[in-house]
Amino acid sequence: MLFFLLFSPIAAALLLFALPSLRARYAVAALLFGLLSATALSLFFQPAATALGIAPGIGTLIEAADVVLLFYFLFQGVKHRSVPVLLLALLQLPLYLWAVAVTPAAASPALVVDDLARFMFLIINIVGGAIVLYAVEYMRREKSGEGKQRLFVAYLMLFLSVMNAIVIADAILLFFFLFEMTTLASYLLIAFRGDGVSRRNALRALWMNQVGGVFLLLGALVAAYGPGSATFSGLLQGDGGVLLLALALLAMAAPVKGASLPFDGWLLGAMVAPTPVSAILHSATMVKIAPFLILKLAPGLDGTLPGTLLALFGALVFVAASYLALSRSLLKEILGYSTVALLGLMMSLAAVGTPESMQLAMALMLFHALSKALLFLAAGVLEKDFGLKDVEQMKGLVQRAPRSVSFLLFGFFSLTLPPFGLFMGKLFAIASVASLLPSQPWLVIVVTGIAVGSALLVMLYFKIAAALLATAPDTVPVQREIMPPGFMTPLALLTLLSLAAAGGYMVQQHNSLLWLLALPVLIMALLPLLTRSLQRFDRVMPYRCGEKSEFDGALFYVEPSAAAARSLQWGFGLLFAAVALSGAVT
Amino acid sequence: MSLVMILLAPLLGGLVYGAERVLRARMQRRQGPPLLQPFYDMFKLMDKRTLIIHAPHALLAVAHFLLLWLAVGALFAGWNLLYIVFLHLFALIVLVLAGYSVRSPYSQVGANRELAALAAYEPILVLLAVGFYLVAGSFDVSAILAHGGYLAQMPLLFAALLIILPIKLKKSPFDTVEAHQEIVGGVEVEYSGLFYEFLYMARFLEYLFVYGLVFLFAGASPLWGLLLVLAVFLLVNLVDNATARVRTDQMVKIIYATAFTMATANIIWISL
């Protein structure tokens, strides 16, 4: 079954080129989605055999592929005259060869399927599969040749394979290779439209992610020289001072992939890409490597200084990114920043490292993936069918586009309201971290971080929800949108999955409080039943102090001054560097 | 007992509101309205013709009232304080949605201000719950009330609550949210008759909610709790009469600079 997860997306991608018709493309994507989800679910509920080695020949092949990949980055750096890409590629090449040379021959298996990996399979295959399904319809509306459209969908499918592989990679250098593959994927997909802006942003994404690769290589080198281990599992079983440095260096790749400040630039830049890219790279699956990596390393980082610093770093990112999101008016940018914020929270909870907080981080990951995928896809529909990107232009859109807006609103509610996991996650996270306060007072930063960040995010989501709902009092009947099934199916699937996941979570928790929490939503859900009885009241126009023309207030924005924004970036940069330093010191 | 209290909550809150109007009049050496004036106002509102903009706008006022009642009820019933705080947040969010849902500049500016105020005081309510948890060992209000007094261990958190009270009670210096002279009532401006009544009663519940939080600080002793509430009641009205309104951005800055810092410092102090 494991091989199916790894290779069926590749087969589907090839099949896509073999079958020319559009209908066949839909069929392939739907089939892939169905099969992958079924496999991931059955693996999750029936854990199968776990560890696998890699034949030496294939290992050499992967090493060769990695060198080719690094040369490709080098070539891109030269071709597009990007100094950072060039320099980082020049740095990575010798580091990689050095790491390969000194890495001890693997005694332990290179691939390990643990519970965390099975959990990640669920997110990657179900959410990722739904996005691929959506991408077929989206690309059909893109102004590009059919070959290019097929290539795009094929990229996305291949990307699922890479993601499935990265979560089971136990050998550090194999993890590095797959990490760089995801970097390559983001580079190719962001540059997909091929214009100047796309290229610039793609190069930025490339070099920022390369920084993460450098940290991984440094971690691999320290691991090889220090504890003499080539795998994550081997590393976590060892101990000693240098070990902590290796773990800290490896963990630092996480904030880079998660686009935490000061690396937030690449994720924002990625918004020029077609929407399915934003969805798959930046909300649903790829950036989830960030909390995943920390969760993987958490047993070793728990209670250490680097672990502590990472927890603080994540909590501060949660607040800062939520705050920065309040200054944006493009829907995709807002969603991007809120992803950065929530990833910060997940990394923070993962780095706190108690079983409870780690479970909360995982719950947040699952619900965030479902909600964000839904939001991004709905934003894509608005962009394609209505040409709307800016929230200020979306005022009262619920009248024109009731379906897309309903999905968007459901997404926002599932990110903020009670029966859904994100709300629970935040609530329980406060309780869980607060219970640790007497033994670890520094966690107060995490508690206040969650409190402030949640308030800011609620403010952000409801600001947008409110704009969508700001309807005119009595307008002429408007043309209602008809959503094509190619968009409708994935969106409806994700909605149902969110509901199912919320229900499953509530049943699984055995906590009576959860059912009480669902009460307010029930009240809200019943209120529309009263709508008819309001017919008897007279309608009026809003009060405008006698002004005849219609005028709106702008939404609520706050923005840091240029100097404050700069010091914010530097502050986070320093904190980021402090993680490695603390690893070296202790 | 608590069930009766929960059912009668809006009436109780109305009495508190009436008492406050009497008190404020005395402070300003006016005759002022009678104690039951809020209820007379309610009957008056019921007689008025109800005009609405559109159905969701009207229904959101009802939702706001119901959710706030639920929050106050949960507080009286002794549930989890953290949950109550989030429920209260939810109720306020509904009000913000209502404010935005009509294309009226005053209503929308009011909703903007409400959101800013929310971002200012919400973290402090959460930290307050965390403080109670650290001292009493539980988030449950019933457990918090079973424990001794809290003032000695949470003086700064109490001060932080005092600072944010004027926002919740719509009093100077933090009454920018509904500022009648600038934005003619903000979120409330488009409501009339029956639906305005829901907002009017929601305000009573808000009174019970915040004074309920003050009451918690006395812990196991109800008498001290009532005295504490009375003292805070006098103080809030004194401050209201003695200060002028600040701008919304100034309000957020002041709250974060003073109340938030104090609350955080107090949490660190308890957990050390």
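Procedures and definitions
Numbering of residues starts from 1 in every chain and runs along the sequence as written. Whichever chain is written first becomes A and whichever ligand is written first becomes 1, with later ones labelled in order. In keeping with the predicted nature of the model, local features appear solely for residues at pLDDT of at least 70, side-chain atom pairs appear and are counted solely at 80 or more, and the whole-chain, interface and lining totals rest on all residues. Just so you know, side-chain values use all the structure's heavy atoms and leave hydrogens and water out. In this description a helix means any DSSP run of H or I spanning at least four residues, a strand means any run of E spanning at least two, and both kinds are numbered starting from the N terminus. Computation of the radius of gyration draws on C-alpha atoms alone. For the globule rule, the value is 2.2 Å times the number of residues to the power 0.38. We call a residue buried when its accessible area falls under 20% of the maximum for its residue type, exposed when it is over 50%, and partly exposed in between, using a 1.4 Å probe and counting protein chains only. Only heavy atoms enter the contact rule, under which two residues are in contact if any of them lie within 4.5 Å. Only the protein chains shown count as covering a residue, and every accessible area follows the Shrake-Rupley method with a 1.4 Å probe. Charge counting follows a simple rule: Lys and Arg are positive, Asp and Glu are negative, and His as well as the terminal groups are ignored. Taken as the charge centre is NZ of Lys, CZ of Arg, CG of Asp or CD of Glu, depending on the residue. The method works on a 1 Å grid over the protein atoms by themselves. A cavity is a set of points holding a 1.4 Å probe that cannot get out, a pocket is an open set with protein on both sides within 12 Å along at least five of seven lines, and residues with an atom within 4 Å of a point line them. Grid points are joined across faces, edges and corners, and a volume is the space filled by probe spheres set on the points. Note on definitions: salt bridges are taken to be side-chain nitrogens of Lys or Arg within 4 Å of carboxyl oxygens of Asp or Glu. The term buried area denotes the loss of accessible surface (1.4 Å probe radius) that occurs when two parts are joined, taken as the sum for both partners. N or O atoms within 3.5 Å of each other form a polar contact, as long as, within protein, one can give a hydrogen and the other can take it, and as long as residues adjacent in sequence are counted only when both atoms are side-chain atoms. Classification used: nonpolar for Ala, Val, Leu, Ile, Met, Phe, Trp, Tyr, Cys and Pro, charged for Asp, Glu, Lys and Arg, polar for all others including Gly. For every residue, the pLDDT score states the predictor's confidence, bounded by 0 at the bottom and 100 at the top. To qualify as a nonpolar core, a set must consist of buried Ala, Val, Leu, Ile, Met, Phe, Trp, Tyr and Cys residues joined through side-chain atoms within 4.5 Å. Each axis is a line fitted through C-alpha atoms, taken for helices only over the stretch in contact, and angles between the N-to-C directions span 0 to 180 degrees. Angles below 35 degrees are treated as roughly parallel, those above 145 as roughly antiparallel, those between 65 and 115 as roughly perpendicular, and all remaining angles as oblique. Note on convention: near helix rotated counterclockwise from far helix by under a right angle means a left-handed crossing. Clockwise means right-handed.

K.L.:
Give a detailed account of the overall build of chain A, specifying residues and quantitative values.
P.N.:
When you go through chain A residue by residue, the secondary structure sums to 24 helices and three strands. Relative to a compact globule of 586 residues, whose C-alpha radius of gyration would be 25 Å, chain A shows 24 Å and is just as compact. Counting only residues that meet the buried cut, chain A has 60% of its 586 residues in that class. The long-range share in chain A, meaning contacts at least 24 apart out of those at least 6 apart in sequence, stands at 83%. For chain A, the accessible surface area stands at approximately 20,800 Å², while carbon and sulfur atoms represent 68% of it. Across chain A, the mean location of the 34 positive side-chain charges is 8 Å away from that of the 26 negative side-chain charges.

K.L.:
So what about empty space enclosed by the protein? Which residues, and what values?
P.N.:
All names here are of chain B. Taken as a whole and judged by the stated rule, the model has four cavities of 30 Å³ or more. Its boundaries defined by the atoms lining it, the largest cavity holds a volume of some 240 Å³. Those elements giving two or more residues to the lining of the largest cavity turn out to be α4 (55-77), α5 (81-101), α6 (105-136), α8 (155-168) and α10 (193-216). At five residues, the largest contribution of residues to the lining of the largest cavity is made by α10.

K.L.:
So what's going on with the pattern of salt bridges? Residues and values would help.
P.N.:
Tallied over the full model, the rule gives 10 salt bridges over all chains. One salt bridge in this structure joins A:Lys389 and A:Glu383, with 4.0 Å as the shortest N-O distance. Among the salt bridges present, the one from B:Asp41 reaches B:Arg21, with a minimum N-O distance of 3.2 Å. Pair noted here: B:Asp41 is in helix α3 (residues 37-47) and B:Arg21 is in helix α2 (residues 9-27), with a separation of 20 residues, a long-range link. Classification of B:Asp41 as buried rests on a relative accessible area of 12%. Here B:Arg21 falls in the partly exposed class, since its relative accessible area comes to 23%. Bridged by salt links that share partners, the residues A:Lys332, A:Glu383 and A:Lys389 form one connected network.

K.L.:
Can you lay out the interface of chain B and chain A for me, pointing to particular residues and giving the numbers?
P.N.:
Contact residues are listed per partner, giving 58 residues for chain B and 59 residues for chain A. Where chain B abuts chain A, roughly 5,200 Å² becomes buried across the two surfaces, and 79% of that area is made up of carbon and sulfur atoms. Taken together, the connections running from chain B to chain A amount to zero salt bridges. The interface formed by chain B and chain A holds zero residue pairs in polar contact (both at pLDDT 80 or more) in total. Listed by contribution, the elements that provide at least two residues to the side of chain B that touches chain A are β1 (51-52), α4, α5, α6, α10 and α12 (248-271) of chain B. A class-by-class count of the residues in the side of chain B that touches chain A yields 45 nonpolar, nine polar and four charged.

K.L.:
Requested: an account of the confidence of the model for chain B, with residues and values cited.
P.N.:
Mean pLDDT over chain B works out to 83, with 97% of the residues at or above the 70 mark. Looking across chain B, the model is least confident in helix α9 (residues 180-183) of chain B, with a mean pLDDT of 68, and most confident in α8(B), with 89.

K.L.:
Summarise unusual backbone geometry; cite the residues concerned and give the values.
P.N.:
The phi dihedral of A:Arg81 falls on the positive side, at around 50°, and the residue is not glycine. Counting through the fold element by element, A:Arg81 comes out in the loop between α3 (56-79) and α4 (83-102). A:Arg81 gets classed as exposed once you look at its relative accessible area, which sits at 74%. Although it is not a glycine, B:Arg29 sits at a positive phi angle of roughly 55°.

K.L.:
Residues and numbers for the nonpolar core, please.
P.N.:
Grouped together as the largest cluster of nonpolar side chains are 343 residues, with contacts concentrated most on A:Met157, A:Phe175 and B:Tyr211. Ignoring anything within four residues of it in the chain, the contact list for B:Tyr211 reads B:Val16, B:Leu169, B:Val229, B:Val232, B:Phe233 and B:Val236.

K.L.:
Outline the environment of B:Leu3, listing residues and values.
P.N.:
Residues and elements named next belong to chain B. By the secondary structure assignment, Leu 3 is in helix α1 (residues 2-7). Residue classification places Leu 3 among the exposed positions, given a relative accessible area of 57%. Along the backbone, Leu 3 and Glu 206 are 203 residues apart, and their C-alpha atoms lie at a distance of 18 Å.

K.L.:
Tell me about the environment of B:Leu227, and name the residues and values.
P.N.:
Along the chain, B:Leu227 turns up in helix α11 (residues 222-242). Each C-alpha atom of the pair B:Leu227 and B:Leu87 lies 27 Å from the other, and the pair is 140 residues apart in sequence.

K.L.:
Requested: an account of the packing of α3(A) against α4(A), with residues and values cited.
P.N.:
For any two helices packed against each other, one specifies the inter-axial angle together with the distance between the axes. Residue and element names in this part refer to chain A. The geometry of α3 relative to α4 is characterised by a closest axis approach of 8 Å and an angle of 165° between their N-to-C directions. Compared by their axis directions, α3 and α4 come out roughly antiparallel. Crossing hand, α3 versus α4: left-handed. Each of Glu 63, Asp 66, Val 67, Leu 70, Phe 71, Phe 73, Leu 74, Gly 77 and Val 78 in α3 lies in contact with α4, whose residues at this interface are Val 85, Leu 86, Ala 89, Leu 90, Gln 92, Leu 93, Tyr 96, Leu 97 and Val 100.

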